[in-house]
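Coordinate inspection notes
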Amino acid sequence: QVQLVESGGGLVQAGGSLRLSCAASGRTFSDYAMGWFRQAPGKEREFVAAISKSGGRTDYSDSVKVRFTISRDNAKNTVYLQMNSLKPEDTAVYYCGAKTTEYLTVYTRLKSYDYWGQGTQVTVSS
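In this report, the structure presented in the accompanying data block is examined. Every value quoted in this text rests on a predicted model; they were computed, and no experiment measured them. (Residues numbered from 1 in each chain as written. Predicted model: local features only at pLDDT ≥ 70, side-chain atom pairs only at ≥ 80, totals over all residues. Heavy atoms only, no water.)

1. Looking at the overall build of the protein
As a reminder of what qualifies: Helix and strand definitions follow DSSP, with helices as H or I runs of at least four residues and strands as E runs of at least two, each counted in order from the N terminus. In this treatment the radius of gyration is a C-alpha quantity, and the globule benchmark scales as 2.2 Å times the residue count to the 0.38 power. Partly exposed describes any residue whose relative accessible area lies between the buried limit of under 20% and the exposed limit of over 50%, with all areas from a 1.4 Å probe on protein chains only and scaled to the type maximum. Whether two residues are in contact is decided by their heavy atoms: any pair within 4.5 Å suffices. We get accessible surface area from the Shrake-Rupley algorithm with a probe of 1.4 Å; when it comes to residues, only the shown protein chains can shield them.
Helix and strand counts for the protein come out as zero helices and eleven strands. Expected size for 126 residues packed as a compact globule is a radius of gyration near 14 Å; at 13 Å, the protein falls within 12% of this value. Taking the principal axes of the C-alpha coordinates as reference, the protein spans close to 40 × 30 × 25 Å. Out of the 126 residues belonging to the protein, those deemed buried represent 44%. Taking the contacts inside the protein whose residues are at least 6 apart along the sequence as the reference set, 61% of them involve residues at least 24 apart. For the protein, the accessible area works out to roughly 6500 Å², and carbon and sulfur atoms hold 45% of it.

What follows is the structure, given as structure tokens:
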């Protein structure tokens, strides 16, 4: 198993930036593809960004492409989400997920993920 702990959320004005971190512990971090998802009040959890276990491949939802960047540091067992040009509609609880895989691919489906963190709140004021 792997345990995931997100951090870095907070309150920011529209146009601002935040960097979320997700620290993993337990098993070998480089065995997992990672992803970020978010859930706004009254809405389903939705895909934001994903990265392969080597970090060589990434994917983004259309709503965050160009503004957000996912990265990982396998030596630090951490995945990051750099969020720039934030908008009020980015307000949500952000979750990181881990997917056990032997493949160098990314996963964008919620049900693909095996483990989840507890989430971190991001609030963007207008």
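2. With respect to the pairing of strand E5 (residues 46-51)
The condition that has to hold: Here, strands pair whenever DSSP counts at least two bridges between them.
With five of its six residues buried, E5 lies for the most part within the structure. Across five bridges, strand E4 (residues 32-39) lies against E5 in antiparallel orientation. Within the sheet, the bridge partner assigned to methionine 34 lies in E5 and is isoleucine 51. In this antiparallel pair of consecutive strands, E4 and E5, the connection spans six residues, and glycine 42 shows a positive phi of 75 degrees. Relative to strand E6 (residues 58-60), E5 is paired through three bridges, and the arrangement is antiparallel. By the bridge assignment for E6, isoleucine 51 is matched with threonine 58. Where E5 folds back onto E6 in an antiparallel hairpin, the turn is made up of six residues, including glycine 55, whose phi is positive at roughly 90 degrees.

3. Looking at the environment of glutamate 46
Note the threshold: Here a polar contact is recorded for every N or O atom pair within 3.5 Å, except that within protein the pair must consist of a potential hydrogen donor and a potential acceptor, and residues adjacent in sequence are included only if both atoms are side-chain atoms.
In this fold, glutamate 46 is placed in strand E5. Overall, the relative accessible area of 37% leaves glutamate 46 in the partly exposed class. Between the C-alpha atom of glutamate 46 and that of leucine 110, which follows or precedes it by 64 residues, the distance is 7.4 Å. With residues near it in sequence (within four places) discarded, glutamate 46 still touches Phe37 and Arg38. A distance of 2.7 Å separates a polar atom in the side chain of glutamate 46 from a polar atom in the side chain of arginine 38.

4. With respect to the packing of aromatic side chains
Short version of the rule: Pairs were defined over the aromatic rings of Phe, Tyr and Trp, the Trp ring being its six-membered one, requiring ring centres within 6.5 Å. Orientation was assigned from the angle between planes: stacked under 30 degrees, edge-to-face over 60, tilted for the rest.
Scanning all chains against the criterion turns up five aromatic pairs. On the basis of an interplanar angle of 45 degrees and a centroid distance of 5.6 Å, the ring pair of tyrosine 113 and tryptophan 116 is categorised as tilted. Note on tyrosine 113: relative accessible area 6%, which makes it buried. According to the relative accessible area criterion, tryptophan 116 is partly exposed, its value standing at 28%.

5. Side note on unusual backbone geometry
Apart from glycine, the bulk of residues carry a negative phi angle, and the bulk of peptide bonds sit in the trans form. Not every positive phi belongs to a glycine, and asparagine 77 is a case in point at roughly 55 degrees. With respect to the element layout, asparagine 77 can be found in the loop between strand E7 (68-73) and strand E8 (78-83). Backbone geometry places serine 85, a non-glycine residue, at a positive phi of 50 degrees. Looking at where serine 85 falls in the secondary structure, it is placed in the loop between E8 and strand E9 (92-100).

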